[in-house]
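Here are the chains, one letter per residue:
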Amino acid sequence: MRRKGKMNSLQGCCPDRENSIHLCNPHLEKMKEDILYHFALGTGTHDFPALFGDVKFVCVGGSPSRMKAFIAYIAEELGLGSSGGDYPNICAGTDRYAMYKVGPVLSVSHGMGIPSISIMLHELIKLLYHAKCSNITIIRIGTSGGIGLEPGSVVITRQSVDATFKPQFEQVVLGKTIIRSTNLDEELAKELLQCSKEINQFNTVIGNTMCTLDFYEGQGRLDGAICLYNEEEKLQYLKEAYDSGVRNIEMESSVFAAMCNLSGVRAAVVCVTLLNRLEGDQISSSHDILVEYQQRPQKLVGYFIKKSLGKV
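Residues numbered from 1 in each chain as written. Predicted model: local features only at pLDDT ≥ 70, side-chain atom pairs only at ≥ 80, totals over all residues. Heavy atoms only, no water.

Per an unreviewed UniProt entry, the chain carries the name Uridine phosphorylase and comes from Gallus gallus. In UniProt, the chain has this text filed under Sequence similarities (unreviewed entry): "Belongs to the PNP/UDP phosphorylase family." (UniProt positions renumbered as here; feature names shortened; annotations may be inferred.)

Here is the structure:
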């Protein structure tokens, strides 16, 4: 019987958060070429420093269309593009992910759930390393279910916790379970909260984010194809989550935090809540309202980028 490992998130790695990306993989140095298969990019076919060397901010989110909308928004905000301008998909050679760039900002889709964002992050981190990028900030922008918050509230994640409210990510490697830290950059979270106060357009809080393995049973929903618990048990669980500091639920933050920690990257998660899970399970707001909600993380992160570049 295999024993669970208790390896922490930085074992074997010594990331320097002040400078370049740190790769926790000595085998990459022996490779003549690194093919980023899911991006349709490679060091033998693309000049990574020329293409991406000036990147300072990376924003990732689930939907390709949302990330294309974000790059158009930030281009206009930074004065680097015109309204209605076209931004080509750098990963056009694949349908797995989409990637867009304008100035120092890279916008990348990651799909839905831990496996999808994990694959994307492995290749994104290598891309930034090969491009010799430094002083990078990576922010996940997305949607979530809120707990005890009005719909439309924005949550900046303090810690990502698992479904038992522990701030950790379990990764099985070679049959052994490795525990990795899911803390996020505290100062960055405070900077983002201050930006929201300056915008003063929507409620924003710092809180823990529960990262689950699925959308239905893992999040205590009553409306999935399978549900073997009752409403009272569901509400008890969500109230326990709230009491532990959880303010929203999504499906990517734990591995995002763990991998950014290992790579020495300053990172944050900024998600809007589409509903209050203490009041229901289904998202019933109108299309127009949901579109406006989904723009809130973009507005906050866009303002943060402008402020960081001295353009506010």
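A separate point is the packing of aromatic side chains. Following the criterion strictly, the structure yields 5 aromatic pairs and no others. Each ring, one from Phe57 and one from Phe304, has its centre 6.2 Å from the other, and the planes form 90°; the classification is edge-to-face. Separated by 247 residues along the polypeptide, Phe57 in strand 3 (residues 57-61) and Phe304 in helix 7 (residues 287-308) bring together distant segments of the chain. In this pair, the class of Phe57 matches that of Phe304, namely buried. Consider the rings of Phe215 and Tyr216, whose centres lie 5.0 Å apart with planes at 80°: the pair is edge-to-face. The exposure class assigned to Tyr216 is partly exposed, which follows from its relative accessible area of 37%. Sitting over the face of the ring of Phe215, Arg221 holds its NZ or CZ atom 3.8 Å from the ring centroid. Between Arg247 and the ring centre of Tyr242, over which it is positioned, the NZ or CZ distance is 3.7 Å. (Phe/Tyr/Trp six-rings, centres within 6.5 Å; stacked < 30°, edge-to-face > 60°. Helix = DSSP H or I, 4+ residues; strand = E, 2+ residues; numbered from the N terminus. Buried < 20%, exposed > 50% of the residue type's maximum accessible area, 1.4 Å probe, protein only. Lys NZ or Arg CZ within 6 Å of the ring centre and 35° of its normal.)

Here the focus is the nonpolar core. Formed by 41 residues in total, the largest nonpolar core has its most connected members in Phe39, Val58, Leu124, Leu127, Leu128, Ile138 and Phe256. Elements with a contribution of two residues or more to this core: helix 1 (48-52), strand 3, strand 5 (105-109), helix 3 (114-130), helix 6 (253-262) and strand 12 (266-276). Formed by 36 residues, the second largest nonpolar core is a distinct cluster that contains Val102, Leu193, Leu274 and Tyr303. (Core = buried A, V, L, I, M, F, W, Y, C linked by side-chain atoms within 4.5 Å.)

Take helix 2 (residues 64-77) next. Each α-helix turn comprises 3.6 residues. Residues three or four places apart therefore point the same way. For helix 2, with 14 residues, the first-to-last C-alpha span of 20 Å sits near the 20 Å given by 1.5 Å per residue. Among the residues making up helix 2, those that are buried are Arg66, Met67, Phe70, Ile71, Ile74 and Ala75. Summarising the contacts, the buried residues of helix 2 are in contact with strand 3, strand 4 (99-102), strand 5, strand 6 (137-146) and helix 7. One or two steps after helix 2, the chain reaches Gly79, where phi turns positive at roughly 70°. (Expected span 1.5 Å × (residues − 1). Contact = heavy atoms within 4.5 Å.)

Right, let's get into helix 4 (residues 186-199). An ideal rise of 1.5 Å per residue puts 20 Å on 14 residues; helix 4 measures up with 20 Å between its terminal C-alpha atoms. All of the buried residues along helix 4 are Leu188, Ala189, Leu192, Leu193, Cys195, Ser196 and Ile199. Projection of helix 4 onto a plane perpendicular to its axis shows the buried side chains occupying an angular sector of 155°, all on one side. Counted as exposed and oriented over 90 degrees from the buried face of helix 4: Glu186 and Lys197. The secondary structure elements touched by the buried residues of helix 4 are strand 6, strand 7 (154-161), strand 10 (204-211), strand 12 and helix 7. Structurally, the start of helix 4 carries an N-cap: the backbone nitrogen of Glu187 is 3.1 Å from a side-chain oxygen of Asp185. (Arc of directions from axis to C-beta. Polar contact = N/O pair within 3.5 Å; in protein donor to acceptor, adjacent residues only side chain to side chain.)

The subject of this paragraph is the UniProt feature "binding site: phosphate" (unreviewed entry) in the chain. Residues given the UniProt feature "binding site: phosphate" (unreviewed entry) here are Arg96, Arg140, Ile141, Gly142 and Thr143. Residue placement: Gly142 occurs in strand 6. Apart from residues no more than four positions distant in its own chain, Gly142 is found in contact with Arg66, Val270, Cys271, Val272 and Pro297. Residue position: Thr143 is located in strand 6. The class of Thr143 is partly exposed, set by a relative accessible area of 24%. The residues touching Thr143, leaving out its near neighbours within four places in the chain, are Arg66, Glu250, Cys271, Val272, Leu274 and Gln294.

Turning our attention to the confidence of the model for the chain. Looking at the chain, pLDDT values average 93 and 93% of them are 70 or higher. Contacts of residues 1-5 to residues separated by more than four positions or lying in other chains number 8 contacts, the stretch itself having pLDDT below 50. (pLDDT = per-residue confidence, 0-100.)

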